Amino acid sequence: QASNPLWQSRGSSAVPSGGRFRCPSCRHEVVLDRHGVYGLQRNLLVENIIDIYKQESARPLHAKAEQHLMCEEHEDERINIYCLRCEAPTCSLCKVFGAHKDCEVAPLPAVYQRQKSELSDGIAMLVAGNDRIQAIITQMEEICHTIEENGRRQKQHVGLRFDALYGILEERKKELLQSIAAEQEAKLQRVRGLIRQYGDHLEASSKLVESAIQAMEEPQMALYLQHSKELLKKITDMSKASMSSRPEPGYENMDHFSINVDYVAEMLRTIEFQTGA
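About the thresholds
- Residues numbered from 1 in each chain as written.
- Predicted model: local features only at pLDDT ≥ 70, side-chain atom pairs only at ≥ 80, totals over all residues.
- Heavy atoms only, no water.
- UniProt positions renumbered as here; feature names shortened; annotations may be inferred.
- Pairing = 2+ DSSP bridges.
- Helix = DSSP H or I, 4+ residues; strand = E, 2+ residues; numbered from the N terminus.
- Axes fitted to C-alpha atoms, helices over the stretch in contact; angles between N-to-C directions.
- Contact = heavy atoms within 4.5 Å.
- Expected span 1.5 Å × (residues − 1).
- Bend = angle between axes of the 7 residues up to and from the residue.
- Buried < 20%, exposed > 50% of the residue type's maximum accessible area, 1.4 Å probe, protein only.
- Salt bridge = Lys/Arg side-chain N within 4 Å of Asp/Glu carboxyl O.

Per an unreviewed UniProt entry, the chain carries the name RING-type E3 ubiquitin transferase and comes from Illadopsis cleaveri. For the record of the chain, the UniProt heading Catalytic activity (unreviewed entry) holds the text "S-ubiquitinyl-[E2 ubiquitin-conjugating enzyme]-L-cysteine + [acceptor protein]-L-lysine = [E2 ubiquitin-conjugating enzyme]-L-cysteine + N(6)-ubiquitinyl-[acceptor protein]-L-lysine." Under the UniProt heading Subcellular location (unreviewed entry), the note attached to the chain is "Nucleus".

Here's what the structure looks like:
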């Protein structure tokens, strides 16, 4: 929390023992105990990404078991090159005599490695984005808690003042309490709506990460390349999605619901909340 710029405006100087957080993947609430971050559960999703990357980097391409796809037009020819113009895997005979003879081609392993590297970078970008979104959601949940606490405190304060006045104050007390509750509910609905919006984005992004990981485990280069372009486009679109809506600073403040009861009895029916309090 101390190193997160998203929390600098919260006025907190330290991370309290027993802090509550939500997992960015499963949304389960966890408690930060005396062990700190070392007491948190392991992130198996990120570990799987790292393991896949290490395994792919440690062994040469030719050593990986791969069932070669055969060309539909030339049944005895393996698909071993990639047409850069058509963006499709093909075979050598298609380049020499067939539909791709006038196209620029590249070795299939080179294109496979390049696009797999792009997908790996995209996954890392989404995972980092998920962490930022979860930090924002956590902050807005704290705003909701503060709004509820401030509203509760202000309602109690107003109630104590009116309880001492009896009679004609009861009706006015009800009206003022309803004003507090109305603004509290309006603010809560707005912030909770933003939380749902960020939560939906987080869920969609997490599912896309899982799909990308499954794609990275595909050992067949041609089969992988048949679907990689669409997957990379989805990742790019998800990364560009605008998630900028945030409550303005001080939005949770409810202190303007303060009253002054030092009025004469004749003025009781005109009591209003103090402005600029």
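Picking up after the structure, the text goes on.
### Things to note about the sheet that holds strand β5 (residues 105-107)
Sheet architecture is open: 3 strands sit in the order β4-β3-β5, paired in antiparallel fashion. This sheet does not close on itself; its edge strands, each paired only once, are β4 (88-90) and β5. Looking at each pair of strands side by side, their axes are set apart by 35 degrees on average, direction ignored. Most of the contacts of helix α3 (residues 108-163) go to β5, to which it runs at about 85 degrees, and overall it touches β3 (81-83), β4 and β5.

### Details of helix α5 (residues 221-240)
Taking 1.5 Å of rise per residue, the 20 residues of α5 would be expected to cover 28 Å, and the 28 Å separating its terminal C-alpha atoms lies within 8% of that figure. Most pronounced at S228, the bend in α5 amounts to some 40 degrees. Inspection of α5 places M221, A222, Y224, L225, S228, L231, L232, I235 and M238 among the buried residues, and these make up the whole buried set.

### Some remarks on the pattern of salt bridges
Following the criterion strictly, the structure yields 8 salt bridges and no others. Across the pair R152 and E149 runs a salt bridge whose closest N-O atoms are separated by 2.5 Å. Here R152 pairs with E149, and both are found in helix α3, just 3 residues apart, close to one helical turn. For E149, a relative accessible area of 30% puts it in the partly exposed group.

### Notes on the environment of I143
For I143, the location among the structural elements is in helix α3. C-alpha separation for the pair I143 and L188, spaced 45 residues apart in sequence, amounts to 8.9 Å.

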